[in-house]
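# Results of the structural survey
Below are the chains, spelled out letter by letter.
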Amino acid sequence: MTAEAIPTRRASTVSIHPGWVRVCHWVNALAILMMIGSGWQVYNASPLFNFTFPRAITLGEWLGGALLWHFAAMWLLVVNGLVYVTLGFVTGRFRRKLLPIYPSEVLGDVKAALTFKLSHEDLSHYNAVQKLLYTGVLLCGVFIVLSGLSIWKPVQFHVLTMLFGGYDFARYVHFTFMAAIVAFLVVHIALALLVPKSLRAMITGR
Ligand code: HEM
């Protein structure tokens with residue numbers, strides 16, 4: 001390190017996301033995209049609502065193929081999710097970066113965002129809206145896996161299936177969490193593209 005670099009570390013060298021966060025994040029992104037694409041194809045075989053998803057944006061070609069994709073990606077999602085959540089608690093990252101979430105701060109940050117006054121200077125700190133969205137999508141991840149298990153093995157996990165209101169209702173629950181994750185992704189990806197240095201930090205860590 002040069003003498004002039006000692007007093008103030010340049011922003012580009014500040015470590016923001018450790019390696020395990022970046023690896024888990026991108027593995028999760030891949031797994032989620034495969035789960036959504038194949039899930040849409042499975043849905044098309046027996047739609048819950050008055051619409052189906054265009055085949056071009058689904059994965060698996062037909063019901064059997066989509067189920068194979070869905071169950072393969074499920075293992076990736078669950079194993080990677082368990083690693084991320086365990087390390088998130090053990091290293092204290094969740095406590096430091098995602099909590100606490102105060103409603104007054106969320107309202108303040110929403111107001112600031114709507115008036116283009118929300119600062120994105122300090123990438124090492126999540127604002128209250130980010131904390132709420134990230135915590136929310138992690139909880140959606142837990143419930144989409146649990147509701148998925150309840151419709152995959154309704155006999156073996158009958159208590160879980162019952163807690164989700166029975167097989168038929170659990171399908172609606174599973175679909176609703178998918179829709180919430182897709183809504184999160186639309187906002188999340190748009191913001192990542194609007195603030196490219198945040199995307200760079202999630203790739204390089206700095
Ligand atoms: C596929 C495209 C995706 C892109 C381009 C993307 C981009 C990013 C970026 C740039 C950050 C850092 C935000 C910041 O520092 O301000 C981030 C963090 C995060 N993303 Fe994504 N993401 C994607 C997919 C996903 C998916 C599928 C999920 C979950 C369903 C997700 C959940 C999260 C969470 C929870 C964090 C916070 C991680 C932590 O700090 O521990 N992302 N993402």
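Residues numbered from 1 in each chain as written. Predicted model: local features only at pLDDT ≥ 70, side-chain atom pairs only at ≥ 80, totals over all residues. Heavy atoms only, no water.

A word on the overall build of the protein chain. Along the backbone of the protein chain there are eight helices and zero strands. When the helices and strands of the protein chain are placed in sequence order, the string is α-α-α-α-α-α-α-α. Reported as C-alpha extents along the three principal axes, the dimensions of the protein chain are approximately 65 × 35 × 35 Å. For the protein chain, buried positions account for 33% of its 206 residues. At a minimum sequence separation of 6, the contacts of the protein chain that also span at least 24 residues come to 66%. Counting every atom, the protein chain has about 13,100 Å² of accessible surface; 72% of that belongs to carbon and sulfur. Where the 16 positive side-chain charges of the protein chain centre and where its 7 negative ones centre are 4 Å apart. (Helix = DSSP H or I, 4+ residues; strand = E, 2+ residues; numbered from the N terminus. Buried < 20%, exposed > 50% of the residue type's maximum accessible area, 1.4 Å probe, protein only. Contact = heavy atoms within 4.5 Å. Areas by Shrake-Rupley, 256 points an atom, 1.4 Å probe, with all protein chains shown as cover. Lys, Arg positive; Asp, Glu negative; His and termini not counted. Charge placed at Lys NZ, Arg CZ, Asp CG, Glu CD.)

Tetrahedral metal sites with four donors have an ideal angle of 109.5 degrees; octahedral sites with six donors have ideal angles of 90 or 180 degrees. Taken together, His 25 (NE2) and His 188 (NE2) make up the protein donors of the iron atom of the ligand, found 2.0 Å from the metal. Its six donor atoms give the iron atom of the ligand angles of 83 to 180° at the centre, a pattern that matches the octahedral case. Of this pair, His 25 sits in helix H1 (residues 19-45) while His 188 sits in helix H7 (residues 167-194), placing them 163 residues apart in sequence. The class of His 188 is partly exposed, set by a relative accessible area of 22%. (Donors = N, O, S within 2.8 Å, 3.2 Å for Na, K, Ca; no water. Tetrahedral: all angles 85-135°; square planar, octahedral: opposite > 155°, others 65-115°.)

Next up on the list: the packing of helix H4 (residues 103-114) against helix H5 (residues 128-152). Contact geometry for H4 and H5: axes closest at 7 Å, N-to-C directions at 115°. In terms of their interaxial angle, H4 and H5 are classed as roughly perpendicular. Contact residues: Glu 105, Val 106, Asp 109 and Val 110 in H4; Ala 128, Val 129 and Leu 132 in H5. Looking at the contact of H4 with H5 residue by residue, the classes come out as five nonpolar, no polar and two charged. (Axes fitted to C-alpha atoms, helices over the stretch in contact; angles between N-to-C directions. Parallel < 35°, antiparallel > 145°, perpendicular 65-115°, else oblique. Nonpolar A, V, L, I, M, F, W, Y, C, P; charged D, E, K, R; others polar.)

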